[in-house]
Amino acid sequence: MLTQKDRILAHLLKEKEYDLVEVEMQLFENCNLRCAFCSQDHRASLEQASLKSLMNKADLVKDYMRDHPGKDFKFNLMGGEIFQDHFSDEHFENLFALARRLREDCDAHGKTARFMFTTNLIFEKYGRVESLLDRISAELGPAQLATSFDFVGRNWNAQQRELFKANVERLRERIRLVGVVLHRLSIDKMIEQRDSLFDWLYQRVPVVFEYYIPDLKQQDLFSPSDEDNLRAWKFLAKNYPNVEPIRRWLNQEFNEVKCCSLNRLTVLANDTISSCRYFPYRPSDFKTPLDRFSISEMALKFIDEQGCLSCSHFNRCGLHCFVQADRARREQKASCFIKEFFDEALHG
Ligand SMILES: C[S@@+](CC[C@H](N)C(=O)[O-])C[C@H]1O[C@@H](n2cnc3c(N)ncnc32)[C@H](O)[C@@H]1O
Ligand code: SF4
Ligand code: SF4
């Protein structure tokens, strides 16, 4: 059910919305890595990976799909870590069954379906990952991988780092992108010290930088200040101009908003659904009241505060992560840091 604020936001950003509807399904939280900035419970039980539990999540998605006017759906399926080596082959059958069920529901509602599996690539048994993607692509719709990289927080050993590299090589044709989260510690590390693995990735796979979404416990440690974000975008524009969204922002006069929550459903491992701001936050953590189903109030506040509608960069700009921008303890610059970035990058 759309609120008045949802309608106003949709009107203001109607040209800048993604056409694709993204459904992010966090199937369970258990993981074989311990990234410092990640809020998931990496030791969580695998009960939620059962076929019954996966189908339960598909039911939640079906309700959303039925009421959504969008036509093209992308299902972003992830854990925790979804492809761990100790998982049985039955788990891969269950993932296929989930994809098939999502495709059937898309068919029933006149939607198209594509699939993305987000993985840290820490697995030896890559053959069954390839088979799953091939089978889904042949029978249900395009299927690809997304992976991720972090300058500090991944806590992996030398062997895991090598495994990641080997899997990037092996699965390169199937990897759509590598995501990197801009949290405070990663920004410092990226700028202070060149990382040869990142340089290696940059030559091989499309790299997409993402804003850090504050979590309940660690947001004061990991949330960057406006100044940190500004330093990061400037550094990337100078040193890695082909990473997204920098490439797009500097070369295209018109761009979509960076936040895809305008058109997104998130299903969490515990079957909670939300648009984006989904952690069990304290109301005092944010400037606007918490609303699990809509980002509109915080997005409108951001647009108003920064003066986006009268900004000369509005068409080009991807705006911000509205959750990060809405933090009560955000270390904010007096004027918009993204405008400062564009003024310098475009006009020197
Ligand atoms: C939760 S992980 C699950 C998939 C897989 N284990 C991986 O790391 O790629 C999915 C994505 O969320 C990102 N992520 C984790 N915590 C985040 C946060 N607080 N803000 C933004 N992205 C985050 C990770 O970097 C990863 O790209
Ligand atoms: S690999 Fe993914 S799920 Fe696992 S700890 Fe890291 S970000 Fe979280
Ligand atoms: S540069 Fe700043 S003020 Fe201008 S549109 Fe982007 S976020 Fe808004």
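Being a predicted model, the structure only gives us computed values, none of them experimental. (Residues numbered from 1 in each chain as written. Chains lettered and ligands numbered in written order. Predicted model: local features only at pLDDT ≥ 70, side-chain atom pairs only at ≥ 80, totals over all residues.)

A. Examining helix α3 (residues 89-108) more closely. Here α3 contains 20 residues, and its C-alpha end-to-end distance of 29 Å stays within 8% of the 28 Å for a straight helix at 1.5 Å per residue. Turning to α3, its buried residues number three or more, namely His 91, Asn 94, Leu 95, Leu 98, Ala 99, Leu 102, Arg 103 and Cys 106. Along its buried surface, α3 packs onto α2 (51-67), β2 (72-78), β3 (112-118) and α4 (126-139). Downstream of α3 by a residue or two, Gly 110 has a phi angle that is positive, lying close to 70°. (Helix = DSSP H or I, 4+ residues; strand = E, 2+ residues; numbered from the N terminus. Expected span 1.5 Å × (residues − 1). Buried ≥ 20, exposed ≤ 12 C-beta atoms within 10 Å, placed from the backbone. Contact = placed C-beta atoms within 7 Å.)

B. Expanded view of the packing of helix α1 (residues 4-12) against helix α11 (residues 296-306). Their axes nearest at 9 Å, the elements α1 and α11 cross at an angle of 50°. Here α1 lies oblique to α11, going by the angle between them. For the pair α1 and α11, the sense of crossing is left-handed. From α1, Lys 5, Asp 6, Ile 8, Leu 9 and Leu 12 reach across to α11, where they touch Ser 296, Glu 297, Ala 299, Leu 300 and Ile 303. In terms of residue class, the contact of α1 with α11 is built from 6 nonpolar, 1 polar and 3 charged. (Axes fitted to C-alpha atoms, helices over the stretch in contact; angles between N-to-C directions. Parallel < 35°, antiparallel > 145°, perpendicular 65-115°, else oblique. Left-handed = near helix turned anticlockwise from the far one by under 90°. Nonpolar A, V, L, I, M, F, W, Y, C, P; charged D, E, K, R; others polar.)

C. Focus on the site of ligand 2. If you check the shell around ligand 2, you find Cys 31, Leu 33, Arg 34, Cys 35, Cys 38, Gln 40, His 42, Gly 79, Gly 80, Glu 81 and Asn 120 and nothing else. Here the residues of the shell around ligand 2 are counted per class, giving 4 nonpolar, 5 polar and 2 charged. (Near = placed C-beta within 6 Å.)

D. Structural view of the environment of Phe 149. Along the chain, Phe 149 falls in strand β4 (residues 143-149). The exposure class assigned to Phe 149 is buried, which follows from the 21 C-beta atoms found within 10 Å. Sequence-distant contacts of Phe 149, defined by excluding residues within four places in its chain, comprise Val 178, Val 180, Phe 198 and Leu 201.

E. Highlighting the site of ligand 3. Close contacts around ligand 3 come from Gln 306, Gly 307, Cys 308, Cys 311, His 313, Phe 314, Cys 317, Leu 319, Cys 336, Ile 338, Lys 339 and Phe 342, and that covers them all. Counting residues per element, the shell around ligand 3 draws most heavily on helix α13 (residues 337-347), which supplies 3 residues. Split by residue class, the shell around ligand 3 holds 8 nonpolar, 3 polar and 1 charged.

F. Broad picture of α2. The end-to-end C-alpha distance of α2, which contains 17 residues, comes to 25 Å, matching closely the 24 Å that a straight helix rising 1.5 Å per residue would cover. Listing the buried residues of α2 in full gives Leu 54, Lys 57, Ala 58, Val 61 and Met 65. In an axial view of α2, the angular spread of the buried residues amounts to 105°, which keeps them on one side of the axis. With respect to the buried face of α2, the exposed residues turned more than 90 degrees away are Lys 52, Asp 59, Asp 63, Arg 66 and Asp 67. (Arc of directions from axis to C-beta.)

G. Fine view of the sheet that holds β3. Ordered in space as β6-β5-β4-β3-β2-β1-β7-β8, the 8 strands form an open sheet in which the pairing is mixed. Each edge of the sheet is formed by a strand with only one pairing partner; in this case those strands are β6 (207-211) and β8 (273-274). Examined bridge by bridge, strand β1 (residues 21-26) and β2 share 6 bridges and lie parallel to one another. Looking at the pairing, Glu 24 lines up with Asn 76 of β2. The strands that α2 touches are β1, β2, β7 (264-267) and β8; relative to β7, the one it contacts most, it runs at about 160°. (Pairing = 2+ DSSP bridges.)

H. Structural view of the environment of Gly 79. By the element assignment, Gly 79 lies in the loop between β2 and α3. Look at Gly 79 and you get buried, because 26 C-beta atoms sit within 10 Å. Sequence-wise, Gly 79 and Thr 118 are 39 residues apart; in three dimensions their C-alpha atoms are separated by 7.9 Å. Setting aside its immediate chain neighbours within four residues, Gly 79 contacts Leu 27, Phe 28, Glu 29, Asn 30 and Cys 31.

I. Representation of the pairing of β2. Buried residues dominate β2, accounting for 5 of its 7 residues. Between β1 and its parallel partner β2, the chain crosses via α2, and the hand of that crossover is right-handed. Here β2 runs beside β3; their pairing, made up of 6 bridges, is parallel. Within β3, the position partnered with Asn 76 by the bridge is Met 116. (Right-handed = clockwise from strand over helix to strand, strands pointing away.)

Function cannot be inferred from these measures alone, as they are strictly geometric.
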